[in-house]
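Structure assessment
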Amino acid sequence: MLVLGLETSCDETGVALYDSERGLLADALFSQIDLHRAYGGVVPELASRDHVKRMLPLIRQVLAEAGCVPSQIDAVAYTAGPGLVGALLVGAACAQALAFAWGIPALGVHHMEGHLLAPMLEPQPPEFPFVALLVSGGHTQLVRVDGIGRYELMGESLDDAAGEAFDKTAKMMGLNYPGGPEIARLAAQGVEGRFVFPRPMCDRPGLDFSFSGLKTFALNTWQQCVGAGGDHEQARCDISLAFQQAVVETLTIKCKRALKQAGLKRLVIAGGVSANKALRVSLEKMLGDMKGDVYYARPQFCTDNGAMIAYAGCQRLQAGQQESLAISVQARWPMEQLSPL
Ligand SMILES: Nc1ncnc2c1ncn2[C@@H]1O[C@H](COP(=O)(O)OP(=O)(O)OP(=O)(O)O)[C@@H](O)[C@H]1O
Ligand SMILES: [Mg+2]
């Protein structure tokens, strides 16, 4: 089955062609980062308008790269939520229109299920069951995964998502959007131990997270540095390192707890923050110590992309799932509401 996947939930237009027999045939992405940078975050209306501009050229591009023609496509999968409604509607309307014109089914895919399954596109994919840490710009969740659509939420952030905390911390130090890669870059030049940030909610049982206090701690530290004068460039690096260490250690502690609670030794990390090298190293060490394995996608499939939507859609379409021509998207959509395969 050949599936065209469309991703438009936020500020990336992603398109891909996935074949159930041959794997990923082509994928293309247009990132709107430059468009939103001046505003320090995503402007929803600008995002929607740009998706409209990029979608069809990207679809033509992946068809050409894969050497395919529309008549070979069996179905169209698109991100139906969660995300920005205007942005989602662009992908949904485009997918339904193409499916109608080509006389094939369309299927709305859950964006976080897409992220969660992205490591399945790698040469050594994880086997079920596993614990997944979803760490992105809008989500920080620990999920027990027993199969596609068989998700049990074990814990989540009570306030900011980890990626959001990276972005906000970077912004207040005058760094570019998105902040995660910027903080990671500066942290490499940070002085170990100059600042020590708290590890929120680690001193009590449970699997929930809270990152907004960490962001405030970083703000106070930054303001003290600015007030004291001196080398702001070094202060940025030292704060970035202390912040990253706190996030990484907190995520590692909670992943260890979740694996113990689930009685599992397989961990999947997905979403933009799973591209963070320090996080990968820390989780690999933890899993190494417990003789388990950690799985993640290649960096370009950690952040939003069309390949994960084409893959997730293909699994559900192959199992016979279909939907009507109605164009319906959801800004909020708990993953546990998905039907099991
Ligand atoms: N190397 C990195 N280290 C830390 N954070 C990173 C890194 N690379 C990307 N990020 C963060 O990942 C986030 C983007 O990831 P992603 O595209 O998965 O999120 P999103 O799609 O905006 O949110 P969601 O998937 O929850 O709707 C941003 O917050 C960004 O700062
Ligand atoms: Mg995302």
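You'll find the structure just up there.
Here's what I pulled together on the structure shown here. (Residues numbered from 1 in each chain as written. Chains lettered and ligands numbered in written order. Predicted model: local features only at pLDDT ≥ 70, side-chain atom pairs only at ≥ 80, totals over all residues. Heavy atoms only, no water.)

**Here's the deal with the coordination of the magnesium ion (ligand 2)**
- Distances from the magnesium ion (ligand 2) to its protein donors, namely His111 (NE2), His115 (NE2) and Asp304 (OD), fall within the range 2.0 to 2.2 Å.
- The sequence pattern formed by the donor residues of the magnesium ion (ligand 2) is H-x3-H-x188-D. Of this pair, His115 sits in helix α4 (residues 111-117) while Asp304 sits in the loop between β10 (293-295) and α10 (306-318); the two residues are 189 residues apart in sequence, bridging distant segments of the chain. (Donors = N, O, S within 2.8 Å, 3.2 Å for Na, K, Ca; no water. Helix = DSSP H or I, 4+ residues; strand = E, 2+ residues; numbered from the N terminus.)

**Observations concerning the nonpolar core**
- The biggest cluster of nonpolar side chains holds 63 residues, and the ones touching the most others in it are Leu4, Leu6 and Ile59.
- Among all residues touching Leu6, those that are not within four sequence positions of it are Gly14, Val15, Met55, Ile59, Val76, Ala77, Tyr78, Thr79, Gly91, Cys94, Ala95 and Ile309.
- Residues Val135, Ile183, Leu251 and Leu259 belong to the second largest nonpolar core, which totals 44 residues. (Core = buried A, V, L, I, M, F, W, Y, C linked by side-chain atoms within 4.5 Å. Buried < 20%, exposed > 50% of the residue type's maximum accessible area, 1.4 Å probe, protein only. Contact = heavy atoms within 4.5 Å.)

**Digging into the site of ligand 1**
- In the region of ligand 1, 22 residues are neighbours, and Ser136, Gly138, His139, Asp167 and Asp304 sit closest.
- Between Gly180 and ligand 1, the recorded distance is 2.9 Å, taken from a backbone N or O atom to an oxygen atom.
- Within the backbone of Gly272, a nitrogen or oxygen atom sits 3.0 Å from an oxygen atom of ligand 1.
- When ligand 1 sits alone it has 650 Å² of accessible area, and the protein chains cover 89% of it.
- Those elements that place two or more of their residues in the shell around ligand 1 are α4, α5 (162-172) and α6 (179-187).
- Class assignment of the residues belonging to the shell around ligand 1 gives a composition of 7 nonpolar, 13 polar and 2 charged. (Near = heavy atom within 4 Å. Polar contact = N/O pair within 3.5 Å; in protein donor to acceptor, adjacent residues only side chain to side chain. Areas by Shrake-Rupley, 256 points an atom, 1.4 Å probe, with all protein chains shown as cover. Nonpolar A, V, L, I, M, F, W, Y, C, P; charged D, E, K, R; others polar.)

**A closer look at the packing of α5 against helix α8 (residues 232-262)**
- The geometry of α5 relative to α8 is characterised by a closest axis approach of 11 Å and an angle of 175° between their N-to-C directions. Considering their axes alone, α5 and α8 lie roughly antiparallel with respect to each other. Of the residues in α8, those touching α5 at Ala162, Ala165, Phe166 and Thr169 are Phe243, Gln244 and Val247.
- Grouping the amino acids of the contact of α5 with α8 by side-chain chemistry returns 5 nonpolar, 2 polar and no charged. (Axes fitted to C-alpha atoms, helices over the stretch in contact; angles between N-to-C directions. Parallel < 35°, antiparallel > 145°, perpendicular 65-115°, else oblique.)

**Quick look at the sheet that holds strand β1 (residues 2-7)**
- Strand order in the open sheet formed by 5 strands is β3-β2-β1-β4-β5, with mixed pairing between adjacent strands. Lying at the two open borders of the sheet, with one neighbouring strand each, are β3 (23-31) and β5 (106-110). Strand-to-strand twist in this sheet, taken as the mean axis angle between neighbours without regard to direction, amounts to 20°.
- As defined by bridge partners, strand β2 (residues 12-19) adjoins β3 across 8 bridges and the pair is classed as antiparallel. Paired with Glu12 across the strands is Ser31, a residue of β3.
- Packing against the sheet, helix α3 (residues 85-102) makes contact with β1, β4 (75-81) and β5, and its axis sits at approximately 160° to β4. (Pairing = 2+ DSSP bridges.)

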